[in-house]
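Structural features, examined
Residue-level listing of the chains:
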Amino acid sequence: MNKKILIVEDESIVAMELESYLLSLNYKVIAICSTADDAYEKAILNDVDLVLMDIYLRESDGIEATVRIKETKPNLPVIFLSAYMDEETIDRAIKVNPEAYLTKPFNRKDLAVSIKIALKHRESIMRRGDIVLDSEFSFDTKSLELICLGENISLTKKERILFNLFLKNKNHLITIEIIEYELWPNKPSNESRRRSLISRLRAKLKHRFIKTYPSEGYMLKTKI
């Protein structure tokens, strides 16, 4: 599906050039607005993936419009466009936490890259499992998927069983005997096999969370 972008620009020629360029990149332009009030209404009432916001509009202010929009849609990415680079404007813009700040006239490739990064960041924020481990890792209990920064981390059947066992006992010690029974109920204990499985899962978790208690067992430790 084409990502949907809202253009807020009161110079009609600049707005049309932006629209033409975005269409050439296979984005969909939801609307072109020239005032803060119109931008707020379009952003709130429509399914928008990103806003290109001119800071200085003839009858209003793009930064104030962004503040209003983010009160309702805090994760909606905004890229500021401005012909001004004075410190006061930049300081005001930074407080709104934009994805990028491009000065006019801007390079088209810079705009394309900024849009791509902003949309990717939004996907990573929006796609998160219901069990959060830290700012990067989460787990979706419905799809049984481990997610890192919006991307699925592939788990084998045994890795998924072990990870589920850790989640059910988060911040509690799981003994070696319990792990052996849950993973290989009909096979004799095998230290090498167990350590290999733990090692693979650890690597996929970037060596976070799993703590070893020698001769006792393991624990999935998380502060969240």
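Worth saying up front: this structure is predicted, and the values here are computed from it rather than measured.

A word on the packing of aromatic side chains
Under the definition given, this model contains 2 aromatic pairs. Considering the side-chain rings of Phe 137 and Phe 209, the 5.8 Å spacing of their centres and the 90° angle between planes classify their relative orientation as edge-to-face. In this pair, Phe 137 is assigned in strand E7 (residues 137–140) and Phe 209 in the loop between helix H8 (191–204) and strand E11 (210–213), connecting sequence segments 72 residues apart. Residue classification places Phe 209 among the buried positions, given a relative accessible area of 13%. Across the ring face of Tyr 40, the terminal group of Arg 68 is positioned such that the distance to the ring centre comes to 4.2 Å.

So, the packing of helix H6 (residues 157–168) against helix H7 (residues 176–183)
In the contact formed by H6 and H7, the axes pass within 10 Å of each other and the chain directions differ by 135°. Classed by the angle they form, the pair H6 and H7 counts as oblique. Judged by the twist between their axes, the crossing of H6 over H7 is right-handed. Here Lys 158, Ile 161, Leu 162 and Leu 165 of H6 lie close against H7, whose contacting residues are Ile 178, Ile 179, Glu 182 and Leu 183. Of the residues contributing to the contact of H6 with H7, the split by class is 6 nonpolar, no polar and 2 charged.

Some details on the pattern of salt bridges
Evaluation of the coordinates by the stated rule reveals 13 salt bridges. A salt bridge links Lys 4 to Asp 49; its shortest N-O distance comes to 3.7 Å. Of this pair, Lys 4 sits in strand E1 (residues 4–8) while Asp 49 sits in the loop between helix H2 (36–45) and strand E3 (50–54); the two residues are 45 residues apart in sequence, bridging distant segments of the chain. On the accessibility criterion, Lys 4 (10% relative accessible area) is buried. The salt bridge involving Asp 38 is made with Lys 42; its shortest N-O contact spans 2.7 Å. Of this pair, Asp 38 and Lys 42 both sit in helix H2, 4 residues apart, which is roughly one turn of that helix. On the accessibility criterion, Lys 42 (26% relative accessible area) is partly exposed. Each of the salt bridges in this network shares a partner with another, and the network as a whole consists of Lys 4, Asp 47 and Asp 49.

Parameters at a glance
- Residues numbered from 1 in each chain as written.
- Predicted model: local features only at pLDDT ≥ 70, side-chain atom pairs only at ≥ 80, totals over all residues.
- Heavy atoms only, no water.
- Phe/Tyr/Trp six-rings, centres within 6.5 Å; stacked < 30°, edge-to-face > 60°.
- Helix = DSSP H or I, 4+ residues; strand = E, 2+ residues; numbered from the N terminus.
- Buried < 20%, exposed > 50% of the residue type's maximum accessible area, 1.4 Å probe, protein only.
- Lys NZ or Arg CZ within 6 Å of the ring centre and 35° of its normal.
- Axes fitted to C-alpha atoms, helices over the stretch in contact; angles between N-to-C directions.
- Parallel < 35°, antiparallel > 145°, perpendicular 65-115°, else oblique.
- Left-handed = near helix turned anticlockwise from the far one by under 90°.
- Contact = heavy atoms within 4.5 Å.
- Nonpolar A, V, L, I, M, F, W, Y, C, P; charged D, E, K, R; others polar.
- Salt bridge = Lys/Arg side-chain N within 4 Å of Asp/Glu carboxyl O.

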